[in-house]
Amino acid sequence: VAMPPDDSDDLHEIASEVTYGWGVIPVRVRIGGSEWTTSLFPREGHYHVPLKDKIRRAEQLSVGDELQVQVW
């Protein structure tokens, strides 16, 4: 899931302070009723939340779906 441009810009500004390497940022994520720990990955100017198949199935997500993602 690509983070919106404004959020990606904000994350880029603090990345050097919170990354554990390669610009990757550890986060906690919630989509619907699913919550887990993962990392945001920089790619093509945006940060991305990786989604495991387990989460996609649990939340009935398909490619192209718009969704609300909470990240902290």
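Whatever comes next refers back to the structure up there.
Okay, so let's go over this structure.

Moving on, we get to the environment of Val 63. Inspection of the secondary structure assignment puts Val 63 in the loop between helix H2 (53–58) and strand S4 (70–71). Between the alpha carbons of Val 63 and Phe 41 there is a distance of 18 Å; along the sequence they are 22 residues apart.

We now examine a negative patch on the surface. Taken together, the side chains of Asp 6, Asp 7, Asp 9, Asp 10 and Glu 13 present a region of like negative charge at the surface. Position of Asp 10 among the secondary structure elements: in helix H1 (residues 5–18).

In this structure, Glu 44 is a non-glycine residue whose phi angle is positive, near 50 degrees. Its location among the elements puts Glu 44 in the loop between strand S2 (34–43) and strand S3 (46–48). Not every positive phi belongs to a glycine, and Gln 60 is a case in point at roughly 55 degrees. Its location among the elements puts Gln 60 in the loop between H2 and S4. Look at Gln 60 and you get exposed, because its relative accessible area is 70%.

Let us now look at the environment of Ile 55. By secondary structure assignment, the location of Ile 55 is in helix H2. Along the primary structure Ile 55 and Ser 34 are separated by 21 residues, whereas in three dimensions their C-alpha atoms are 6.8 Å apart.

Moving on, we get to the side chain of Ser 34. Looking at where Ser 34 falls in the secondary structure, it is placed in strand S2. Note on Ser 34: relative accessible area 11%, which makes it buried. At 2.6 Å, the side chain of Ser 34 and the side chain of Glu 59 are in polar contact.

About the thresholds
- Residues numbered from 1 in each chain as written.
- Predicted model: local features only at pLDDT ≥ 70, side-chain atom pairs only at ≥ 80, totals over all residues.
- Heavy atoms only, no water.
- Helix = DSSP H or I, 4+ residues; strand = E, 2+ residues; numbered from the N terminus.
- Patch = residues over 30% accessible without salt bridge, like charges linked within 9 Å, V, L, I, M, F, W, Y side chains within 5 Å.
- Areas by Shrake-Rupley, 256 points an atom, 1.4 Å probe, with all protein chains shown as cover.
- Salt bridge = Lys/Arg side-chain N within 4 Å of Asp/Glu carboxyl O.
- Lys, Arg positive; Asp, Glu negative; His and termini not counted.
- Charge placed at Lys NZ, Arg CZ, Asp CG, Glu CD.
- Buried < 20%, exposed > 50% of the residue type's maximum accessible area, 1.4 Å probe, protein only.
- Polar contact = N/O pair within 3.5 Å; in protein donor to acceptor, adjacent residues only side chain to side chain.

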